[in-house]
Amino acid sequence: AANADKNGGYALDGGQEELKSMICSLGTEIRSIRSGLDELIGVVKEQQFQLEKDLLHKAAGGNPLSSGPGPVRSMSLSRATSSVYRPPSPSAMPPAQQQEMSALCRLGAERGDARSQFQLGTGYLYGRGLDQSFEEALIWLRKAADQGHSKAQYSVGNIFFHGRGVETSEEEAFNWYRKAAMQGHAKAQFMTGSCLENGKGAEQDLAEASKWYRKSAEQGIVDAQHKLALLYKEGRGVPRTGGEAAWWFLKAADQGHAGAASNLGEMYKLASTRAPPPLSQDLQPKRSNSP
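For clarity, every value in this text was computed on a predicted model and none was experimentally measured.

> Can you help me understand helix H8 (residues 186-198) in this one?
Here H8 contains 13 residues, and its C-alpha end-to-end distance of 19 Å stays within 8% of the 18 Å for a straight helix at 1.5 Å per residue. The buried count for H8 comes to eleven of 13 residues, which makes it a mostly enclosed element. Elements that come into contact with the buried residues of H8 comprise helix H6 (150-162), helix H7 (170-182), helix H9 (206-217) and helix H10 (222-234).

Shown next as structure tokens:
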């Protein structure tokens, strides 16, 4: 316990002084760990950049100053690395690195590498290391999409859906969304469901929409979880099922979806105030006829 000193304050006893010293020491160690982690993160980011650079250099033919003979096989590079490597986000790179990556992407893209075409198209789409150009973005993204690159297919769908540099075409957008969705692209699955629910680019089909929403929802897309819950709540395209609705509202609410949380709250409130159903005739307590 602390002891009162002659000035009316309190002096720490030996045990408390030791505890205070341990806390200070722990704080110093935590700051040292944080500093070490920051340094390690910087090293990892640089290694990621170098690895991405090496992969694009390979796709460009090995020598960025020469065109090199023949095209590379379009998807081999992506398939060989997809399970062990996730490239750094271009938006997180300094401008100088973005420009260097864009130059390498162009060389690989011109040789027919779908991954490089996708990254070059994305650079044009968002102005990363390149002057923004929706027209150039569509050219390169479509080249990659035609080779089966699901992310490029989804991006092309977005370009046509929102009319970025082209005339809006819901039919064209739906076709590209569906192609990406069939390859398991979660966001494309959501957009496929949305188009089918609202009859955009395709004939309205609520049952089919629910199937695509479920595929997307199972991959964690929060808007798909909310949409699927609404279909179950309202009985649109699926049997009206409160349990399924509540489950998917809960999944979406856990990810911070305000609308799902509100709907879930309403369902709980309704359930708590609803009177229990009357017992069926055969379950009613039997009355005695005796006086």
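> Quick question: what am I supposed to make of the pattern of salt bridges here?
Where side chains of opposite charge bring their charged atoms close, a pairing between them can arise. Considering all chains together, one arrives at eight salt bridges under this definition. Among the salt bridges present, the one from arginine 214 reaches glutamate 244, with a minimum N-O distance of 3.6 Å. Taken together, the residues span a long stretch of sequence, with arginine 214 in helix H9 and glutamate 244 in helix H11 (residues 242-254) at a distance of 30 residues.

> How should I be thinking about the environment of glycine 243 in this particular structure?
Along the chain, glycine 243 turns up in helix H11. Residue glycine 243 is classed as exposed on the basis of its relative accessible area of 52%. For the pair glycine 243 and tyrosine 232, spaced eleven residues apart in sequence, the C-alpha separation works out to 8.6 Å.

> Please clarify how helix H12 (residues 258-273) should be interpreted in this entry.
Three or four residues apart is the spacing at which side chains of an α-helix point the same way, because the helix has 3.6 residues per turn. With 16 residues, H12 extends 23 Å between its outermost C-alpha atoms, agreeing within 8% with the 22 Å of an ideal straight helix rising 1.5 Å per residue. Here H12 has its buried residues at Ala260, Asn263 and Leu264. Relative to the axis of H12, the buried residues are bounded by an arc of 100 degrees and lie together on one face. Opposite the buried face of H12, by more than 90 degrees, sit the exposed residues Ala258, Lys269, Ser272 and Thr273. Residues of H12 that are buried sit in contact with H10 and H11.

> In this structure, what is going on with the packing of aromatic side chains? I would like to understand it.
Think of a pair of aromatic rings as described by two things: how far the centres are apart, and how the planes are tilted against each other in angle. Inspection of every chain in the model, using the stated rule, returns three aromatic pairs. On the numbers, 6.1 Å between centres and 55 degrees between planes, the contact of phenylalanine 161 with tyrosine 177 is tilted. Separated by 16 residues along the polypeptide, phenylalanine 161 in helix H6 and tyrosine 177 in helix H7 bring together distant segments of the chain. Like phenylalanine 161, the residue tyrosine 177 is buried in the burial classification. One aromatic cluster is present, formed by Tyr154, Phe161 and Tyr177 through successive ring pairs. Above the plane of the ring of tryptophan 140 lies lysine 143, whose end atom (NZ or CZ) is 5.7 Å from the centre.

> I keep staring at the packing of H8 against H9 and nothing clicks. Help me out?
Angle between the axes and distance between the axes: these two values describe a pair of packed helices. Between H8 and H9, the least distance of the axes is 8 Å, while the angle of their chain directions is 160 degrees. Overall, the two elements H8 and H9 adopt an arrangement that is roughly antiparallel. In this structure, H8 crosses over H9, and the sense of that crossing is left-handed. Contacts between H8 and H9 involve Ala186, Gln189, Phe190, Thr192, Gly193, Ser194, Leu196 and Glu197 on the former and, on the latter, Leu206, Glu208, Ala209, Trp212, Tyr213, Lys215 and Ser216. Of the residues in the contact of H8 with H9, the class split is seven nonpolar, five polar and three charged.

> Could you clarify how one ought to interpret the nonpolar core in this entry?
Inside soluble globular proteins, nonpolar side chains tend to come together where they are buried. Counting 50 residues, the largest nonpolar core has Leu141, Val156, Tyr177, Tyr213 and Phe249 as the members making the most contacts within it. In this structure leucine 141 touches Gln117, Phe118, Gly121, Thr122, Leu125, Ala152, Ser155, Val156 and Ile159, once residues within four positions along its chain are discounted.

> Sorry if this is basic, but what is going on with the side chain of serine 210 here?
Within the element layout of this structure, serine 210 appears in helix H9. Once you skip the residues sitting within four places of it in the chain, serine 210 turns out to touch Leu228, Leu231, Gly237 and Val238.

Thresholds applied
- Residues numbered from 1 in each chain as written.
- Predicted model: local features only at pLDDT ≥ 70, side-chain atom pairs only at ≥ 80, totals over all residues.
- Heavy atoms only, no water.
- Helix = DSSP H or I, 4+ residues; strand = E, 2+ residues; numbered from the N terminus.
- Expected span 1.5 Å × (residues − 1).
- Buried < 20%, exposed > 50% of the residue type's maximum accessible area, 1.4 Å probe, protein only.
- Contact = heavy atoms within 4.5 Å.
- Salt bridge = Lys/Arg side-chain N within 4 Å of Asp/Glu carboxyl O.
- Arc of directions from axis to C-beta.
- Phe/Tyr/Trp six-rings, centres within 6.5 Å; stacked < 30°, edge-to-face > 60°.
- Lys NZ or Arg CZ within 6 Å of the ring centre and 35° of its normal.
- Axes fitted to C-alpha atoms, helices over the stretch in contact; angles between N-to-C directions.
- Parallel < 35°, antiparallel > 145°, perpendicular 65-115°, else oblique.
- Left-handed = near helix turned anticlockwise from the far one by under 90°.
- Nonpolar A, V, L, I, M, F, W, Y, C, P; charged D, E, K, R; others polar.
- Core = buried A, V, L, I, M, F, W, Y, C linked by side-chain atoms within 4.5 Å.

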